[in-house]
Each structure stands twice: as structure tokens, then as C-alpha cells.
Amino acid sequence: MNTPESDPTTSAPTRPGATEALRLLSGAPVGLDVAVKRLSRGSGVYAWWAAPSTLPELPGPPNGNVPSLRLLYLGRATSLRGRILRNHLRRSGSSMLRRTLAGLLASEGYRTTWTDRVVLVPEDEARLTAWMYRHLCLTWAEDPEPATIETELVRRLHPPLNVHGVDPEHVQAAVVAAKDAYNTSSRPAEAMRMS
């Protein structure tokens, strides 16, 4: 866990726009019921936050304004509203965050099926969305160049659910294992007949 003197959110980012994005992402997170009404259609970066009791084995840096919340995941979007509403809060097939959460919450019995990829069954898509509304909150920052900002902030903040772009020593083995378990939980019918 970060101490105040080693908190990566206190040193200045180097890429243009990253300072402002970090300031906004470190602001007070809002519940998803509020966030879905406020999200814009603009591009930008977003951060998912949770209490330490949510996925306690995966520590993340604390929020600068609400230290009782910690960072879980950071992402980018060409449309913040579209990415959050249509992907992260609805479809596991197009959301790495949802697939990772489903893998980490496997003990709660999330079920998958194969379409053109592994996806949650419809009832469990709804159940995971309800879980996210209960346990997660969100911050976001609009920016026309979200890819460069995301790269820098993931490298600096080491969100525990991010794997790509995180320095190897900060990649969480439990997250990699959860993603692997999810991705192998269902297979095409043809592959199942052959085994």
C-alpha cells in the first residue's frame, strides 16, 4: 500500500493533459447511479474505485479526496458514456473489466457460455451489473488524447485490475489467474466435442 510519501498521485505527470486528468480522476468518486447521468459522449479516461473490503486481496492506491476508497481499474474511451454504459455496465464480451471481475468473483457462481467468445449468461450479466452498482464508483476526465494519458497513469498508479501497461513487478497474479479462468470457462461446442 502506498504511504503519503510514496503516493504516486503526488508527483506531477509528464504528458500534456495528464496533470489535469490525474486531478479529476483523484477527485471524489460518484456512485454509478449518478455517474451514468453525468457521463459525456466525449473521449477521456476513467477510474473505478471501491472500498478496501471489496476485493481486499488486491490493494490499489487510495483516492486523494476519499481515502476510504482505492483505485481498482483505469481505462480510456473514445466515448466515456458509451464505454461505461454499453460495455462496462452491460456486456462481458466487450469489457475486460467485467471479465476480470467475473473471474475474481467465480466463487459467487458466475456462469459463462460461448458465443464468438466467452460471455456471461444473461442472468449473470445482470447480476454482475448489480454487484458493480453496489460496490464500485467512478471518476473520469475528458481529454482528446486519452491513450497517452492512460498509458502514463496506468504505469504510475498500478491499478490492480489492469495488466496491460503495468510494470511487470506490479501485475497481480490473482488478476492474471482470474482472467485465465474466465477465458477458459467456456469453449466452442466443436472444441468441447473434440476433448
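Predicted model, so just to flag it, every value in this text is computed and none were measured.

Engineer: How should the packing of helix H4 (residues 96–104) against helix H7 (residues 173–183) be read in this particular structure?
Structural biologist: The axes of two packed helices give the description: the angle between them and the distance between them. One way to put it is that H4 packs onto H7 with a least axis distance of 8 Å and a crossing angle of 95°. As the angle between them shows, H4 and H7 are arranged roughly perpendicular. Residues Met96, Arg99, Thr100, Ala102, Gly103 and Leu104 of H4 pack against Ala174, Val175, Ala178, Lys179, Tyr182 and Asn183 of H7. Its residues placed into classes, the contact of H4 with H7 shows 7 nonpolar, 3 polar and 2 charged.

Engineer: I'm lost on empty space enclosed by the protein in this one. Help?
Structural biologist: Sizing a probe to match a water molecule and rolling it over the atoms shows the empty space that remains. Applying the stated criterion to the full structure yields 1 cavity of 30 Å³ or more. Put simply, the largest cavity is a space of about 50 Å³. Elements with a minimum of two residues in the lining of the largest cavity: helix H1 (18–25), strand E2 (44–50) and strand E3 (70–77). Split into classes, the residues belonging to the lining of the largest cavity amount to 9 nonpolar, 2 polar and no charged.

Engineer: When you look at the layout of surface pockets in this model, what are you seeing that I'm missing?
Structural biologist: Of the volumes computed, that of the largest pocket is approximately 250 Å³. Lining the largest pocket are 16 residues; nearest its centre among them are Tyr73, Leu74, Glu150, Asn162 and His164. Put simply, the parts of the chain that give the lining of the largest pocket at least two residues each are E3 and helix H6 (146–157). In terms of residues, the lining of the largest pocket owes the most to one element, E3, which gives 4 residues. Of the residues contributing to the lining of the largest pocket, the split by class is 7 nonpolar, 5 polar and 4 charged.

Engineer: I'm lost on the pairing of E2 in this one. Help?
Structural biologist: Two faces, one strand: in a regular strand the side chains alternate between the faces of the sheet. For E2, the tally of buried residues reaches 7 of 7 residues, placing the bulk of the element in the interior. Of the two faces of E2, the one holding Gly44, Tyr46, Trp48 and Ala50 and the one holding Val45, Ala47 and Trp49 are both buried throughout. The pairing of E2 with E3 spans 7 bridges and is antiparallel. The partner of Trp49 across the bridge, within E3, is Leu71. Two strands pair when backbone bridges link them, and E2 and strand E6 (residues 136–142) are joined in this way by 7 bridges, in the antiparallel orientation. In the strand pairing of E6, Ala47 is matched with Thr139.

Engineer: Is there a simple way to explain H6 in this structure?
Structural biologist: Residues spaced three or four apart along an α-helix point in a common direction, a consequence of the helix completing one turn every 3.6 residues. Here H6 contains 12 residues, and its C-alpha end-to-end distance of 16 Å stays within 8% of the 16 Å for a straight helix at 1.5 Å per residue. Elements that come into contact with the buried residues of H6 comprise H1, E2 and E3. His158, located one to two residues past H6, shows a positive phi value of around 50°.

Engineer: Looking at this structure, I do not really get the sheet that holds E3. What am I missing?
Structural biologist: Each strand in a sheet pairs with another by means of backbone hydrogen bonds, the pair being arranged parallel or else antiparallel. Strand order in this open sheet of 4 strands is E1-E6-E2-E3, and the pairing throughout is antiparallel. Bordering the open sheet on either side are strand E1 (30–31) and E3, each of which pairs with just one other strand. Where H6 meets the sheet, its contacts fall on E2 and E3, and the angle it forms with E3 comes to roughly 160°.

Rules and cut-offs
- Residues numbered from 1 in each chain as written.
- Predicted model: local features only at pLDDT ≥ 70, side-chain atom pairs only at ≥ 80, totals over all residues.
- Heavy atoms only, no water.
- Axes fitted to C-alpha atoms, helices over the stretch in contact; angles between N-to-C directions.
- Helix = DSSP H or I, 4+ residues; strand = E, 2+ residues; numbered from the N terminus.
- Parallel < 35°, antiparallel > 145°, perpendicular 65-115°, else oblique.
- Contact = heavy atoms within 4.5 Å.
- Nonpolar A, V, L, I, M, F, W, Y, C, P; charged D, E, K, R; others polar.
- 1 Å grid on protein atoms, 1.4 Å probe; cavity = no way out; pocket = protein on both sides within 12 Å on 5 of 7 lines; lining within 4 Å.
- Points joined across faces, edges and corners; volume = space filled by probe spheres on them.
- Buried < 20%, exposed > 50% of the residue type's maximum accessible area, 1.4 Å probe, protein only.
- Pairing = 2+ DSSP bridges.
- Expected span 1.5 Å × (residues − 1).

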